[in-house]
Amino acid sequence: MSLDRLLGKKSKHDVLNSVGLLLLPARVTIDAGFIRLLEQHHIHESDILVMDERSDGFPVEAPTDIVREAASQSKQLFDQARITKRLPLNEITNELLPIVRQVSSHPDIYQLFESVKAKDEYTHQHNIGVGVLSTLIGRWMKLGEEDLALLSLAATLHDVGKINISDDILLKPGKLSEAEYEEIKRHTTYGHEILKGTEGLDPRIALVALQHHERIDGRGYPFKLLGHEVDPFSRIVAVADIFHAMSSKRPYHEPLPFHEIVNEMRKGSFGELDPEVVSVFLKMMIRHLIGSKVKLTDGRWGEVVYINPHDDVHPLVRIDETFLDLSQERHIHIQEIVVV
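Residues numbered from 1 in each chain as written. Predicted model: local features only at pLDDT ≥ 70, side-chain atom pairs only at ≥ 80, totals over all residues. Heavy atoms only, no water.

Next up on the list: the pattern of salt bridges. Tallied over the entire structure, the rule returns 20 salt bridges. Linking Glu193 and Lys196 is a salt bridge whose minimum nitrogen-to-oxygen distance equals 3.5 Å. Linking Glu193 with Lys196, this pair stays in helix H9 (residues 187–196), spanning three residues, or about one helical turn. Connected through shared salt-bridge partners, Glu114, Lys117 and Lys119 make up one network. (Salt bridge = Lys/Arg side-chain N within 4 Å of Asp/Glu carboxyl O. Helix = DSSP H or I, 4+ residues; strand = E, 2+ residues; numbered from the N terminus.)

Written out as structure tokens, the structure reads:
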């Protein structure tokens, strides 16, 4: 592990070790001494947010506009595929994928999460969001560059089978009938057929479209596969898919509060997900809470200053000049992360 790329840059937040010891204060220049100290405490570079040199010390803005533009492009390309029955692979690869990869590298993950949330038109914002989140998770899981590129494309195309499903069903604001739900579930096999028949496409990309609703306990669909039968890319996309769905506004529900999303993913409320993928994703997400502005369920606003290693969804929060330990105030939770 090398942290040398951080030399000379300024830290955005305090960096603590696993027991809460301050290793690197916020807004200081990272020198060789700090690098050695961080390495001794096994701090990974992804745990350290740095200030962007172009922003005079302020974080880079969330790339919301570029994500919205990418979602619009996704809609045009998928509508084109619906009409022509041919996937415009060159356009997707050359126009959408660079945006997905760019956004997934954004230094502030909560700004990233905010930028990819679907707030109005869901389907195509979801395509981009899952592409970005899957790429982020793949990077955290230390996939090689070739695998990461393949995962990005597979995740962006995971729902392509929905072009064969009526908008009346896709956009229905109320509860789906049993027959409508069964039709929705067919998007996995539709997508597999579309991608399997696309010349020059790696077979794993079609497999992700087929398997991203499978669950490792065999309770997913379409084939009720067990964990060892599900491609590792499909398991990553499944986690990104569920997180994006829970954190987005949809016709039939508002985004879930932050603490509920974390708890639901840990409990496997939407089906048993790969525990390694969930663990990596939530661990990295929680680590980046330090320094974040949050809104609490009692309406107060504060800043996360310490993560309790034994109860990470109930951190220590600074509210004005006082401190609130959420691990002691069990009735208060983090409602949302406030992106400023």
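Turning to its location among the elements, Ser115 is positioned in helix H4 (residues 109–116). Note on Ser115: relative accessible area 0%, which makes it buried. A polar contact of 2.7 Å, which involves the side chain of Ser115, links it to the backbone oxygen of Leu112. (Buried < 20%, exposed > 50% of the residue type's maximum accessible area, 1.4 Å probe, protein only. Polar contact = N/O pair within 3.5 Å; in protein donor to acceptor, adjacent residues only side chain to side chain.)

A sheet is described by the order of its strands in space; here five strands give the open sequence S6-S5-S4-S3-S7, paired in antiparallel fashion. Only two strands of the sheet have a single partner each, and these edge strands are strand S6 (322–325) and strand S7 (334–338). Strand after strand, the sheet turns through a mean of 40° between neighbouring axes, direction not considered. Bridge count between strand S5 (residues 316–319) and S6: four bridges; the pairing is antiparallel. The residue of S6 that forms the bridge with Leu316 is Asp325. (Pairing = 2+ DSSP bridges. Axes fitted to C-alpha atoms, helices over the stretch in contact; angles between N-to-C directions.)

We note that the domain assignment places domain 1 (4–51), domain 2 (63–286) and domain 3 (290–337) within the chain. If you average the C-alpha positions of domain 1 and of domain 2, the two centres end up 33 Å apart. For the pairing of domain 1 and domain 2, the buried interface totals around 370 Å² over both sides, and the portion due to carbon and sulfur atoms is 46%. Class assignment of the residues belonging to the side of domain 1 that touches domain 2 gives a composition of one nonpolar, two polar and two charged. (Domains from an automatic or database assignment. Buried area = accessible area lost by both parts, 1.4 Å probe. Nonpolar A, V, L, I, M, F, W, Y, C, P; charged D, E, K, R; others polar.)

Our focus in this paragraph is helix H2 (residues 64–84). Here H2 contains 21 residues, and its C-alpha end-to-end distance of 30 Å stays within 8% of the 30 Å for a straight helix at 1.5 Å per residue. Taken as a whole, H2 has its buried residues at Val67, Ala70, Ala71, Gln73, Ser74, Leu77, Phe78 and Ala81. Buried residues along H2 cover an arc of 165° about the axis, so they all sit on one side. Turned more than 90 degrees away from the buried face of H2, the exposed residues are Asp65, Gln76 and Ile83. For H2, the secondary structure elements touched by its buried residues are helix H3 (89–104), H4, helix H5 (122–140) and helix H6 (145–156). Among the residues trailing H2, Lys85 stands out with phi positive, at a value near 65°. (Expected span 1.5 Å × (residues − 1). Arc of directions from axis to C-beta. Contact = heavy atoms within 4.5 Å.)

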